Amino acid sequence: MRVIETTTILVITLLALGCATQEQTSQASAFSYESDRLASAQPWTARDFQNNPNDFQFMIVGDRTGGANVQGTFQTALPQINLLQPEFVINVGDLIEGYSDQPAELNAEWNEVDSMLGELDMRFFKTPGNHDIANTTAKEVWRERYGATYYYFIYKDVLFMVLDTEYNRPAPPPDMKEKLELYNRLQVEDPAKAQAMLAEFMSDESVIAGLSSPVEFDEQQLTWIRQALAKHPDVKWTFLFMHEPCWENPSASFQSIQAMLKGRKHTMFAGHLHYYDYDNIDGVEYITMGPVGASFHKEGPGNVDHIMWVTMTDHGPQMGNIALKGLFDRKGLDPSMFGAYDRKGQ
């Protein structure tokens, strides 16, 4: 009996050693070269390959709506995203124009968006924005289609948290839906008048007040955040996605979220302002994404249709912004794409 046990242990040990040897051989054979011809010198640098199996890449996209441009930037961007093959994509809100109280209209908009997203080769995570869940009906439609308005997931030991910033926000103008429809129509019929209408809307005192109003989080969501963080204390990194950049004018409830995150490696992303911005507050990076098709709200270098390419490494995230105009396939630059990105005729 002891001989059988000893033989079994020996076989298991040899199998384990064989697997280890096979893995080392496999890793070593990923790169080989003509060692006889390049024995004394090689025409490449001594750096290691950037192929850590723990690393992964994902992509972040900004607002589609809030006056979605007629050139169809968002639709144009989807096959461009496929060119880069991220492991998944996540947005920061505003995929539909919304502001309707008719479920049929809202579902029709979401059907259109989901049909577009079906072109992607990879998973797409949604974040609710003010256009997506503008009223009680819109929130009900969201929950019926997509479940909760805030949620988290873990991917390769990284915690991704999607927050709902649309709790108890200032009421939009009563004719918001009609204004959006008029603006979108004028983009086709009279672009100059559309721009004038947008400038007038953005200078409205109620709109300015709404944009600068602190974002509050109810106790239910705060409790959920606290529990999620407590459940995953040792993840490699934590990313938080929300629609409105709450750090611009932090409320007491948002400051409590910041306190929960103190000492934890994390980064926050938002959208809403249709203008790219970067902040580093107490060593934490806060990034406001520019749009992917939504109307530009102010002049400046942050006016750019772009995507963010994130590589998660053992040392933290590496982030690179890619202007969509600069991304084209192997066939070469297609000048017809300029219409989707040169919105001022530049």
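Quick look at the structure, then.

What counts, and where the lines are drawn
- Residues numbered from 1 in each chain as written.
- Predicted model: local features only at pLDDT ≥ 70, side-chain atom pairs only at ≥ 80, totals over all residues.
- Heavy atoms only, no water.
- Pairing = 2+ DSSP bridges.
- Helix = DSSP H or I, 4+ residues; strand = E, 2+ residues; numbered from the N terminus.
- Axes fitted to C-alpha atoms, helices over the stretch in contact; angles between N-to-C directions.
- Phe/Tyr/Trp six-rings, centres within 6.5 Å; stacked < 30°, edge-to-face > 60°.
- Buried < 20%, exposed > 50% of the residue type's maximum accessible area, 1.4 Å probe, protein only.
- Salt bridge = Lys/Arg side-chain N within 4 Å of Asp/Glu carboxyl O.
- Expected span 1.5 Å × (residues − 1).
- Arc of directions from axis to C-beta.
- Contact = heavy atoms within 4.5 Å.

1. Considering the sheet that holds strand S3 (residues 123-125)
Part 1: With mixed pairing, the five strands of this open sheet are ordered in space as S3-S2-S1-S10-S11. Only two strands of the sheet have a single neighbouring strand rather than two, namely S3 and strand S11 (316-323). Across the sheet, the mean angle from the axis of one strand to that of its neighbour is 25°, orientation sign disregarded.
Part 2: Sheet topology places strand S10 (residues 306-313) next to S11; eight bridges connect them, and they run antiparallel. Following the sheet pairing, Ile307 is matched in S11 by Ile322.

2. Considerations on the packing of aromatic side chains
Part 1: For the structure shown, the criterion picks out 29 aromatic pairs.
Part 2: Between the aromatic rings of Phe88 and Tyr155, the centroid separation amounts to 5.3 Å while the plane-to-plane angle is 75°, which identifies the pairing as edge-to-face. Within this pair, whereas Phe88 is found in strand S2 (residues 88-91), its partner Tyr155 is found in strand S4 (residues 151-155), the two being separated by 67 residues in sequence.
Part 3: Owing to a relative accessible area of 3%, Phe88 belongs among the buried residues under this scheme.
Part 4: Ring pairs connect the aromatic residues Phe56, Phe58, Phe88, Phe125, Phe153, Tyr155, Phe160, Phe239, Phe241 and Phe269, which therefore count as one cluster.

3. Examining the pattern of salt bridges
Oppositely charged side chains can pair when the atoms bearing their charge come close.
Part 1: For the coordinates displayed, the defined rule picks out six salt bridges.
Part 2: Two residues, Glu34 and Arg37, come together in a salt bridge whose shortest N-O distance is 3.0 Å.
Part 3: Here Arg37 falls in the exposed class, since its relative accessible area comes to 60%.
Part 4: The residue Lys156 makes a salt bridge to Glu87 at a minimum N-O spacing of 3.5 Å. Taken together, the positions of Lys156 in the loop between S4 and strand S5 (158-162) and Glu87 in the loop between helix H2 (73-84) and S2 put the pair 69 residues apart, joining distant regions of the chain.
Part 5: Among the ionic contacts, a cluster of salt bridges with common partners joins Asp114, Lys126 and Arg145.

4. Regarding helix H3 (residues 103-117)
Part 1: Taking 1.5 Å as the rise per residue, H3 with 15 residues should run 21 Å; its terminal C-alpha atoms sit 21 Å apart, in good agreement.
Part 2: All of the buried residues along H3 are Leu106, Trp110, Val113, Met116 and Leu117. Taken around the axis of H3, the buried residues stretch over an arc of 115°, which confines them to a single face. When the buried face of H3 is taken as reference, the exposed residues oriented beyond 90 degrees from it are Ala104 and Ser115.
Part 3: Tucked inside the fold, the buried residues of H3 contact H2, S3 and helix H4 (136-146).

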